[in-house]
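The residues making up each chain are set out below.
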Amino acid sequence: MTMTQTPLTIGVLGAGRVGTAVARQAVRAGHTVKIATAKPAADIALLTEVIVPGAVAVDREELRGADIIVLAVPLHKYRSIDTTVLRDQVVIDTMNYWAPVDGFMDEFETGVSTSEVIAEFLGAARVVKTLNHIGYGDLEIDSYPVGDPQRRALAVAGDDAAAKALVQDFVDSLGYDAVDAGPLAAGRAFENGTEIFNGRHDAARMQDLLSECGRVLASA
């Protein structure tokens, strides 16, 4: 993969399948990658070395100052996140609500987007929703260079224009067309169960689906 953007420092909070897949793809794209969990860095150093070669295990406090922090923990554990680490940071919310796995959670049954709930909990973080509607396995094998007719699109939603633009550049560096979905509330269009979530789309089709969903939500 050719790195066209300025390399970034990417922090990944969570060392599960999603977090490590994003981390590996980010390393391939030429970014500096730091991985942290709730455990001390020493406890995940070997795992990181083996599973994500090129990334560095750090204590979660050391994620502060990264250009982007990728939030990749199980959604039902979101209240255990140390919000001070994410204060004023650009944060990618990759999490999805799966009631059979997460259990029934009232706050995610209200009709607002899951990322709006997360953003409210995190407070001062600059939350952007993306990377939730591609499988962790697909993320590493379905990327293509800019202009390739097979290139897949990923939607990006957020209320902070500068944060969203930075994340769009990051998504592009991973090998995907980043399509601006609009404000964070628009993340509902690509949550679990939607056509966007369930399918693989190019940029033109992604924009059409986002527009269709926007009209439906506006009339609801």
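Residues numbered from 1 in each chain as written. Predicted model: local features only at pLDDT ≥ 70, side-chain atom pairs only at ≥ 80, totals over all residues. Heavy atoms only, no water.

### A look at the nonpolar core
- Among the nonpolar cores identified, the biggest contains 30 residues, and Ile10, Val33, Ile35, Ile68, Leu131, Val167 and Phe170 are the most heavily contacted of them.
- Residue assignment for this core shows that the elements contributing at least two residues are strand S1 (9-13), helix H1 (17-28), strand S2 (32-36), strand S4 (68-71), strand S5 (90-93), strand S7 (153-158) and helix H7 (161-173).
- Ignoring any residue separated from it by four or fewer positions in sequence, one finds valine 167 in contact with Ile68, Val90, Ile92, Val128, Thr130 and Val156.
- Leu71, Leu75, Met105 and Phe108 belong to the second-largest nonpolar core, a separate cluster that totals 25 residues. (Core = buried A, V, L, I, M, F, W, Y, C linked by side-chain atoms within 4.5 Å. Buried < 20%, exposed > 50% of the residue type's maximum accessible area, 1.4 Å probe, protein only. Helix = DSSP H or I, 4+ residues; strand = E, 2+ residues; numbered from the N terminus. Contact = heavy atoms within 4.5 Å.)

### A short note on the UniProt feature "domain: Pyrroline-5-carboxylate reductase catalytic N-terminal" (unreviewed entry) in the protein
- UniProt records the feature "domain: Pyrroline-5-carboxylate reductase catalytic N-terminal" (unreviewed entry) for residues 9-97 in the present numbering.
- For residues 9-97, the end-to-end C-alpha separation is 28 Å, with 30% helix and 22% strand making up the annotated structure. (UniProt positions renumbered as here; feature names shortened; annotations may be inferred.)

### Some details on the pairing of S2
- Pairing of S1 with S2, which is carried by five bridges, proceeds in the parallel orientation. If you follow glycine 11 over to S2, its bridge partner there is lysine 34.
- Chirality of the crossover, the property in question, places the unit of S1, H1 and S2 among those that are right-handed.
- Regarding the hand of the β-α-β motif, the stretch spanning S2, helix H2 (residues 41-51) and strand S3 (residues 56-57) is right-handed. (Pairing = 2+ DSSP bridges. Right-handed = clockwise from strand over helix to strand, strands pointing away.)

### Examining the environment of glycine 103
- By the element assignment, glycine 103 lies in the loop between helix H4 (99-102) and helix H5 (114-122).
- Residue class for glycine 103 comes out partly exposed when judged on its relative accessible area of 27%.
- Glycine 103 has contacts with Tyr97 and Trp98, leaving out every residue within four places of it along the chain.

### Description of the sheet that holds strand S8 (residues 177-182)
- Pairing is mixed in the open sheet, where eight strands are placed in the order S3-S2-S1-S4-S5-S6-S7-S8. Each edge of the open sheet is held by one strand with a lone partner, namely S3 and S8.
- Strands in contact with H1 are S1, S2 and S4; relative to S2, the strand with the most contacts, it is inclined by about 165 degrees. (Axes fitted to C-alpha atoms, helices over the stretch in contact; angles between N-to-C directions.)

### A look at H7
- In a regular helix each residue adds 1.5 Å, so 13 residues correspond to 18 Å; H7 covers 18 Å between its end C-alpha atoms and thus fits that length.
- Of all the positions in H7, only Ala163, Lys164, Val167, Gln168, Phe170, Val171, Asp172 and Ser173 are classed as buried.
- Of the residues flanking the start of H7, the one acting as N-cap is aspartate 160, its side-chain oxygen 3.1 Å from the backbone nitrogen of alanine 162.
- With its phi angle positive at about 110 degrees, glycine 175 sits one or two positions after the end of H7. (Expected span 1.5 Å × (residues − 1). Polar contact = N/O pair within 3.5 Å; in protein donor to acceptor, adjacent residues only side chain to side chain.)

### Overview of a nonpolar patch on the surface
- Residues Leu46, Leu47, Val50 and Ile51 make up a contiguous nonpolar surface patch of roughly 360 Å² in combined accessible area.
- With respect to the secondary-structure elements, leucine 46 resides in helix H2.
- When its relative accessible area of 59% is taken as the criterion, leucine 46 is described as exposed. (Patch = residues over 30% accessible without salt bridge, like charges linked within 9 Å, V, L, I, M, F, W, Y side chains within 5 Å. Areas by Shrake-Rupley, 256 points an atom, 1.4 Å probe, with all protein chains shown as cover. Salt bridge = Lys/Arg side-chain N within 4 Å of Asp/Glu carboxyl O.)

### Quick look at the pattern of salt bridges
- Tallying each qualifying case throughout the model produces twelve salt bridges.
- Residue arginine 126 is joined to aspartate 160 by a salt bridge in which the shortest nitrogen-to-oxygen separation is 2.8 Å. Of this pair, arginine 126 sits in strand S6 (residues 126-129) while aspartate 160 sits in the loop between S7 and H7; the two residues are 34 residues apart in sequence, bridging distant segments of the chain.
- Assessed through its relative accessible area of 27%, aspartate 160 is described here as partly exposed.
- Note that aspartate 172 is salt-bridged to arginine 151, the shortest N-O span being 2.9 Å. With aspartate 172 in helix H7 and arginine 151 in the loop between helix H6 (136-141) and S7, the pair connects residues that are 21 residues apart, well separated along the chain. Like aspartate 172, the residue arginine 151 is buried in the burial classification.
- Put simply, Arg24, Arg28 and Glu140 are held in one network by salt bridges that share partners.

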